[in-house]
Amino acid sequence: MAPRKIIIDTDPGQDDAFAILFALGSPRDLEVVAITTVGGNVPLALTSYNALQVVELAGRADVPVHAGCPRPMVKTLKTAEYVHGPTGLDGVDLPKPVTPLQGQHAVNFLVETLMAAPEGEITVCTLGPMTNLGMAMVMEPRIVPRIREVVLMGGGFFEGG
C-alpha cells in the first residue's frame, strides 16, 4: 500500500516538533508533501524557523516549508511562550537551519496543491491554529471536498478538556 500523502500545518513548539519527527520518520506509512507554518505557540517567524530546524534534524530538508498566516483571522494572536519558552523549542539546542523557506505563502500552497491533486488524495494534519486551512477554504471553497480528511491535534493546557 502506498503511503498516505499529508500536509502538516503547524506552529512548532516541542509537541509539534515530536509529531513532525514521527511523521518524517514513518515513510512507509506517510508521505509528507510539505509543512506549512502558522503563528501560534510563538510568532510566525519562530514557528517557521522551528519547522526548518526540525526537518533538518530529521535529515529531511527535501520537505518544503511554507510560512503562512501570522495571526488568527479575527482575534489577536495569543502565543504560548509560558509553555514552550521564548523560541517555542526551548530545552534543546539545534543548529541554525540552512534550508530556506519556500517563497510561496502557505495558503496559496494549500489551495494550489489541493486543487492539483486527485480528489481525496491529501490529508491535512493541523497541529496548531487552523488559520491557514481556514483562509484556504475561504479563498477557494472548491478545496473542501478535495481533502481526504483533516486530522487535528487539539486541546488546551489551561482550558480543561
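Heads up: the structure comes first, above all this text.
What counts and what doesn't
- Residues numbered from 1 in each chain as written.
- Predicted model: local features only at pLDDT ≥ 70, side-chain atom pairs only at ≥ 80, totals over all residues.
- Heavy atoms only, no water.
- Helix = DSSP H or I, 4+ residues; strand = E, 2+ residues; numbered from the N terminus.
- Polar contact = N/O pair within 3.5 Å; in protein donor to acceptor, adjacent residues only side chain to side chain.
- Contact = heavy atoms within 4.5 Å.
- Pairing = 2+ DSSP bridges.
- Right-handed = clockwise from strand over helix to strand, strands pointing away.
- Buried < 20%, exposed > 50% of the residue type's maximum accessible area, 1.4 Å probe, protein only.

Asks: Whenever I open this one, the side chain of T47 confuses me. Can you help?
Replies: Positionally, T47 belongs in helix α2 (residues 44-57). One polar contact links the side chain of T47 to the main-chain carbonyl oxygen of V38, over a distance of 3.1 Å. Sequence-distant contacts of T47, defined by excluding residues within four places in its chain, comprise D11, P12, T37, V38, G39, G40 and V42.

Asks: Honestly, the pairing of strand β5 (residues 147-152) in this entry has me stumped. Any pointers?
Replies: Sheet faces and side chains relate simply in a regular strand, where the side chains alternate between the two faces. As paired strands, strand β4 (residues 122-126) and β5 are joined by 4 bridges and run parallel to one another. From the neighbouring strand, C125 faces β5, where its bridge partner is V151. A crossover links β4 with its parallel partner β5, the connecting element being helix α5 (residues 131-139), and its sense is right-handed.

Asks: Please explain the pairing of strand β1 (residues 4-10) as it appears in this structure.
Replies: β1 sits mainly inside the fold: 5 of its 7 residues count as buried. Taken together, the 5 bridges between β1 and β4 define a ladder with parallel strand orientation. The residue of β4 that forms the bridge with I7 is V124.

Asks: Explanation requested: the environment of E149 in the structure shown.
Replies: By the secondary structure assignment, E149 is in strand β5. Considering only alpha carbons, one finds E149 and G134, 15 residues apart in sequence, at a separation of 14 Å.

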